[in-house]
Amino acid sequence: MTAAEQAKTTARRILENCMANGLSADVAIARLAVYLTTGINAAELAKIALDMRANASHRRDWLDEVAVLLSRKIDTFDELRTTAASVLHNRLVGETREMTITRLAIGFDQAADISAVASVQLSSLGDEEKLSAATAEITSWLERQDFTGAGKTILDVGCGIGRFERALHARAKHIVGIDISAKMLAIARRRCAGLTNVEFRHTSGLDLDEFTDAGLDGVLAVDSFPYLVLAGVAERHFSEVARVLRPGGMAAILNYSYRVPSGVDSSDIRGLAGAFGMDVVIDGEMPFRRWDGTAFLVRRIGGT
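Criteria and thresholds
- Residues numbered from 1 in each chain as written.
- Predicted model: local features only at pLDDT ≥ 70, side-chain atom pairs only at ≥ 80, totals over all residues.
- Heavy atoms only, no water.
- Core = buried A, V, L, I, M, F, W, Y, C linked by side-chain atoms within 4.5 Å.
- Buried < 20%, exposed > 50% of the residue type's maximum accessible area, 1.4 Å probe, protein only.
- Contact = heavy atoms within 4.5 Å.
- Helix = DSSP H or I, 4+ residues; strand = E, 2+ residues; numbered from the N terminus.
- Pairing = 2+ DSSP bridges.
- Polar contact = N/O pair within 3.5 Å; in protein donor to acceptor, adjacent residues only side chain to side chain.
- Axes fitted to C-alpha atoms, helices over the stretch in contact; angles between N-to-C directions.
- Parallel < 35°, antiparallel > 145°, perpendicular 65-115°, else oblique.
- Nonpolar A, V, L, I, M, F, W, Y, C, P; charged D, E, K, R; others polar.
- Phe/Tyr/Trp six-rings, centres within 6.5 Å; stacked < 30°, edge-to-face > 60°.

Counting 44 residues, the largest nonpolar core has Leu155, Val219, Phe238, Tyr256 and Met278 as its most contacted members. Not counting the four nearest positions on each side in its chain, Phe238 is found in contact with Phe225, Ile253, Ile269, Leu272, Ala273, Phe276, Met278 and Val298.

Turning our eyes to something else, we now look at the pairing of strand S5 (residues 245–254). The two faces of a sheet get side chains in turn, since along a regular strand they alternate between them. Where burial is concerned, most of S5 is hidden: 7 out of the 10 residues are buried. When strand S4 (residues 216–222) meets S5, the two strands line up parallel, connected through 6 bridges. Its bridge partner being in S5, Gly218 is matched across the sheet by Met250. Here 5 bridges tie S5 to strand S7 (residues 295–300), and the two strands are oriented antiparallel to one another. Directly across from Ala251, in S7, lies its bridge partner Val298.

Time to look at the side chain of Glu240. One can find Glu240 in helix H12 (residues 234–244). Of the polar contacts made by the side chain of Glu240, one reaches the backbone nitrogen of Asp209; its length is 3.3 Å.

Closest axis-to-axis distance for the helix H6 (residues 97–114)/helix H10 (residues 182–191) pair is 7 Å, and the angle between their directions is 45°. Of the possible angle classes, the one that applies to H6 and H10 is oblique. Of the residues in H10, those in contact with Phe108, Asp109, Ala112 and Asp113 of H6 are Ala182, Lys183, Met184 and Ile187. Among the residues making up the contact of H6 with H10, the classes are represented as 5 nonpolar, no polar and 3 charged.

Take the packing of aromatic side chains next. Tallied over the entire structure, the rule returns 6 aromatic pairs. Judged by centre distance (5.5 Å) and plane angle (25°), the ring pair of Phe225 and Tyr256 falls under stacked. Pair noted here: Phe225 is in helix H11 (residues 225–231) and Tyr256 is in the loop between S5 and helix H13 (263–275), with a separation of 31 residues, a long-range link. Overall, Phe225 belongs to the buried group, its relative accessible area being 2%.

A word on the environment of Gln121. As for its position among the elements, Gln121 is in the loop between helix H7 (116–120) and helix H8 (128–144). A relative accessible area of 3% places Gln121 in the buried class. Residues Gln121 and Phe296, 175 residues apart in the sequence, show an inter-C-alpha distance of 18 Å. Dropping the residues within four chain positions of it, Gln121 is found in contact with Leu131, Ala134, Arg163, Arg290 and Trp291. There is a polar contact of 3.2 Å between the side chain of Gln121 and the side chain of Arg163.

Written out as structure tokens, the structure is:
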């Protein structure tokens, strides 16, 4: 099989998987960008989606949507691929935790330079409106879980360009966003300028040592734990989350890792929660329509 034939086969498998799991067309295009780094362009992928309609009559509209988006975003698709490729999702042989985090920080800086919006959610397709809609959907979910509140202090681990600080600032007393990427933090500060209850800090990515015991009501981690897992510091961060939360405080971990099968994450979360005095409230649900994140909600034991 030639490289071009292999790319087409991979594209069909990705689209079939997305259809089978009820994922959005935006998510499908993001996955194509991640897994098809070369050898096929957006126009060719659009044609594959259209050709697949003959054997998927029940999802013709979805395949049409994929094809239309690809056709309209030919240049954007290449930008998405470059953004995704900026961050290597493997740990290199002989790499220490510190080395992995440094490399990830450089990668996120590069991704932010290419597309600030796509760097924090590839399925936004680099579109500010799509990112805002996905952020609003997640924010609404957090409100329904009683995660937010006018008197609450919230830590956002891996805050990126500050989208949740901007979305949640009116629903919290104080929000601190931390990230390893200096360029993302610079963008976040510009986007949140004038929000007096929001602050951003550059972090080592190794721990939460700068935060006091039981000083927070909530910890938010959207798509950041996969990189902590990659760097080998996820367990340390989980223990730190338990330490910095007040009794009854909650941590929303949206995506724990990118491992397959996803049941591995549920097992890890349950084990870590038990070890560090926390209850699992939501265990691996996929409640979002605009983003394919897996949601975990854990609560520190105690409080009311």
